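# Summary of the model geometry
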Amino acid sequence: MKTEIIKIDANNIDLNKIRYAAEVIKSGRLVAFPTETVYGLGANALNEKAVNNIFKAKGRPSDNPLILHVSELSHCDKIGRDIHEDVFMLMNSFWPGPLTLVVKKTEAVPDNVSAGLNTVGIRMPSHPVALELIKHANIPVAAPSANRSGRPSPTMAEHVIEDLYGHVDLIIDSGDCNIGVESTVLDTTSDPFMILRPGGVTLEQINELIKDVNIDPTLLTSKMEGLAPKAPGMKYTHYAPKAEVIIVKGEELAVAKKINELIQENKTKGKNIGILLTDETKKYYNEVECISLGSKENLNIVASNLFGALRSFDEKKVDIILAEAVEETGIGLAIMNRMTKAAGYNVLTV
Ligand code: TXA
Ligand code: MG
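In this report, we go over the structure that sits alongside the text. (Residues numbered from 1 in each chain as written. Chains lettered and ligands numbered in written order. Predicted model: local features only at pLDDT ≥ 70, side-chain atom pairs only at ≥ 80, totals over all residues. Heavy atoms only, no water.)

### Quick word on the overall build of the chain
Along the chain, the regular secondary structure elements total 10 helices and 17 strands. In terms of overall size, the chain behaves like a compact globule, its C-alpha atoms giving a radius of gyration of 20 Å where 350 residues would be expected to give roughly 20 Å. In the chain, the proportion of contacts linking residues at least 24 apart, taken out of those at least 6 apart, comes to 69%. Accessible surface, the chain as shown: approximately 14,800 Å² in total, 48% of it carbon and sulfur. Side-chain charges in the chain split into 38 positive and 45 negative, and the spacing between the mean points of these groups amounts to 5 Å. (Helix = DSSP H or I, 4+ residues; strand = E, 2+ residues; numbered from the N terminus. Rg over C-alpha atoms; globule rule 2.2 N^0.38 Å. Contact = heavy atoms within 4.5 Å. Areas by Shrake-Rupley, 256 points an atom, 1.4 Å probe, with all protein chains shown as cover. Lys, Arg positive; Asp, Glu negative; His and termini not counted. Charge placed at Lys NZ, Arg CZ, Asp CG, Glu CD.)

Right, dumping it as structure tokens:
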């Protein structure tokens with residue numbers, strides 16, 4: 001398939017280009033577009049065949065449902081039903097933004113979108129290019145992250161090109177995504193509501209409006225035995241770079257000591273080692289490939305750099321990535337969830 005790439009400046013949007021991209025979506029073809037979280041791979045959500053092509057392009061298992069993206073609240077009535085009154089409060093507070101709300105679906109939503117579930121995840125992204133695109137297409141846009149299934153999510157157009165060039169019709173390049181981890185997925189059909197995937201909107205932010213919110217227990221455990229994750233997508237290997245990833249968790253000096261031991265051990269095995277760390281801890285390591293995600297004091301920046309760093313280690317042909325854990329509060333919960341999955345739950349506590 002021929003893939004076309006166009007650039008759209010998010011600060012000075014060329015509406016002719018948006019209209020063009022909207023036509024591509026409306027005609028049942030695939031368009032990768034930027035959102036504030038990660039790039040999405042969009043198709044007309046109400047067109048079963050177009051939705052099927054998303055699964056094919058990504059190599060995505062068909063039992064993993066897609067999120068529907070809307071540009072206005074009125075679209076929700078068409079695709080969701082029996083929506084809890086607190087959900088409207090969440091929409092008012094966090095939309096447009098990185099919060100996906102799982103609600104009961106209507107018949108208008110094809111079964112392949114929701115992977116046969118009777119619910120559907122809906123979100124209104126805040127990225128101006130995404131909003132204009134959806135508005136001009138005037139349909140709900142189904143969009144998973146625009147990576148090959150299992151790879152780290154794309155936070156810049158180059159990542160999308162790397163994974164999907166030749167498999168999609170159009171890629172819109174609008175530079176970097178500023179949040180860099182995906183939306184929070186909140187199931188509002190359970191009582192109390194339950195976070196199925198931590199993301200751009202934090203538990204603490206949701207708790208300011210709704211006190212009683214559960215967290216899917218599989219998000220925080222390193223052992224999944226006997227526990228089935230509620231968001232079907234969370235059970236698959238995810239965010240995985242080609243290298244093996246080991247996370248080391250604990251007090252700063254103890255972590256540095258453990259990582260240095262692992263460096264020595266793996267060096268003697270002839271392995272190429274990469275360290276994923278923060279600005280504060282760079283000083284502990286010499287003569288190894290290090291990538292800093294930013295300062296521990298600003299976990300939003302750490303989040304925005306994570307997926308790109310995992311991809312760069314691949315380019316550097318690293319065999320093993322030793323990663324420092326971060327605090328599991330605020331956006332840190334989403335960071336640790338993605339890192340833990342990238343590591344295949346390989347976490348050493350020291
Ligand atoms: O930030 C984001 O959410 C990005 C951008 C493009 O919007 N999209 C994204 O989509 O991350 P995807 O498909 O990569 O991840 C969607 C997650 C999966 O874990 C999926 O299982 C879960 O949301 N999900 C979707 N619909 C669901 C539903 N009806 N019930 C439970 N989980 C659902
Ligand atoms: Mg994804």
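### Regarding unusual backbone geometry
Here the bond from Trp-95 into Pro-96 is cis, since omega is -10°, no more than 30 degrees from zero. Topologically, Pro-96 is positioned in the loop between helix H4 (85–94) and strand S6 (99–105). For the bond from Asp-191 to Pro-192, the omega torsion is -5°, close enough to zero to count as cis. With respect to the helices and strands, Pro-192 occurs in the loop between strand S10 (184–187) and strand S11 (193–197). Positive phi, close to 55°, is recorded for Asn-138, a residue that is not glycine.

### Quick word on helix H8 (residues 252–268)
Between its first and last C-alpha atoms H8 spans 25 Å; for 17 residues at 1.5 Å apiece the expected length is 24 Å, and the two agree. Here H8 has its buried residues at Val-255, Ala-256, Ile-259, Leu-262, Ile-263 and Asn-266. All buried residues of H8 fall inside an arc of 125° around its axis, so they share one side. Along H8, exposed side chains directed more than 90 degrees from the buried face belong to Leu-253, Lys-257 and Thr-268. Taken together, the buried residues of H8 touch strand S13 (244–249), strand S14 (273–277), strand S16 (320–324) and strand S17 (347–349). Positioned one or two residues after H8, Gly-270 has a phi angle of 75°, which is positive. (Expected span 1.5 Å × (residues − 1). Buried < 20%, exposed > 50% of the residue type's maximum accessible area, 1.4 Å probe, protein only. Arc of directions from axis to C-beta.)

### Some details on the nonpolar core
Formed by 47 residues in total, the largest nonpolar core has its most connected members in Leu-41, Leu-90, Trp-95 and Leu-99. Among the elements that make up this core, the one with the highest residue count is helix H2 (residues 48–58) (5 residues). (Core = buried A, V, L, I, M, F, W, Y, C linked by side-chain atoms within 4.5 Å.)

### Considering the packing of aromatic side chains
Evaluation of the coordinates by the stated rule reveals 1 aromatic pair. Plain terms: the ring middles of Tyr-284 and Tyr-285 are 6.3 Å apart, the flat faces sit at 85° to each other, and that makes the pair edge-to-face. When its relative accessible area of 6% is taken as the criterion, Tyr-285 is described as buried. (Phe/Tyr/Trp six-rings, centres within 6.5 Å; stacked < 30°, edge-to-face > 60°.)

### Considering the sheet that holds S14
One open sheet holds the 5 strands; their spatial order is S15-S14-S16-S13-S17, and the pairing between them is parallel. In this open sheet, the two edge strands, each paired with only one partner strand, are strand S15 (289–292) and S17. Here the strands of the sheet are splayed against their neighbours by 20° on average, with no regard to which way each runs. Sitting on the sheet, helix H9 (residues 299–315) is in contact with S14, S15 and S16, with an inclination near 170° to S14. (Pairing = 2+ DSSP bridges. Axes fitted to C-alpha atoms, helices over the stretch in contact; angles between N-to-C directions.)

### Quick notes on the packing of helix H6 (residues 157–164) against H9
Here H6 crosses H9 at 55°, and the two axes come no closer than 11 Å. Our classification of the angle between H6 and H9 gives oblique. Here H6 runs over H9; the crossing is left-handed. Side by side, H6 and H9 meet where His-159, Glu-162 and Asp-163 of the first sit next to Gly-308, Arg-311 and Glu-315 of the second. (Parallel < 35°, antiparallel > 145°, perpendicular 65-115°, else oblique. Left-handed = near helix turned anticlockwise from the far one by under 90°.)

### Describing the site of ligand 1
Near ligand 1 lie 28 residues; those nearest to it are Thr-37, Asn-64, His-69, Ser-183 and Gly-233. Separating an oxygen atom of ligand 1 from a side-chain N or O atom of Thr-37 is a distance of 2.7 Å. Contact with the protein chains removes 97% of the 680 Å² of surface that ligand 1 exposes when unbound. Only strand S4 (67–69), strand S7 (119–123) and S11 provide two or more residues apiece to the shell around ligand 1. Ranked by the residues each element gives to the shell around ligand 1, the list is headed by S7, at 4 residues. (Near = heavy atom within 4 Å. Polar contact = N/O pair within 3.5 Å; in protein donor to acceptor, adjacent residues only side chain to side chain.)

### What to know about the pattern of salt bridges
Across all of its chains, the model carries 17 salt bridges by this definition. Among the salt bridges present, the one from Glu-162 reaches Arg-311, with a minimum N-O distance of 2.8 Å. Here Glu-162 is found in helix H6, whereas its partner Arg-311 is found in helix H9, with 149 residues between them in sequence. A cluster of three or more residues bridged by salt bridges with shared partners is formed by Arg-151, Glu-162, Asp-163, Arg-311 and Asp-314. (Salt bridge = Lys/Arg side-chain N within 4 Å of Asp/Glu carboxyl O.)

### Observations concerning the environment of Val-113
With respect to the helices and strands, the residue Val-113 is situated in the loop between S6 and S7. Counting along the chain gives 68 residues from Val-113 to Ala-45, while the straight-line C-alpha distance between them is 7.0 Å. Once you skip the residues sitting within four places of it in the chain, Val-113 turns out to touch Ala-45, Val-51, Pro-65, Leu-66 and Leu-68.

### Structural notes on the pairing of S11
Of all 5 residues making up S11, 5 are buried, and the element is well covered by its neighbours. Note that S10 and S11 share 3 bridges and pair antiparallel. Note that in S11 the partner of Asp-187 across the bridge is Met-194. Note: S11 against strand S12 (residues 213–215), 3 bridges, orientation parallel. Bridge pairing in S12 places Phe-193 opposite Val-213. As for the winding sense of the linkage, the β-α-β connection from S11 through helix H7 (residues 203–209) to S12 is right-handed. (Right-handed = clockwise from strand over helix to strand, strands pointing away.)

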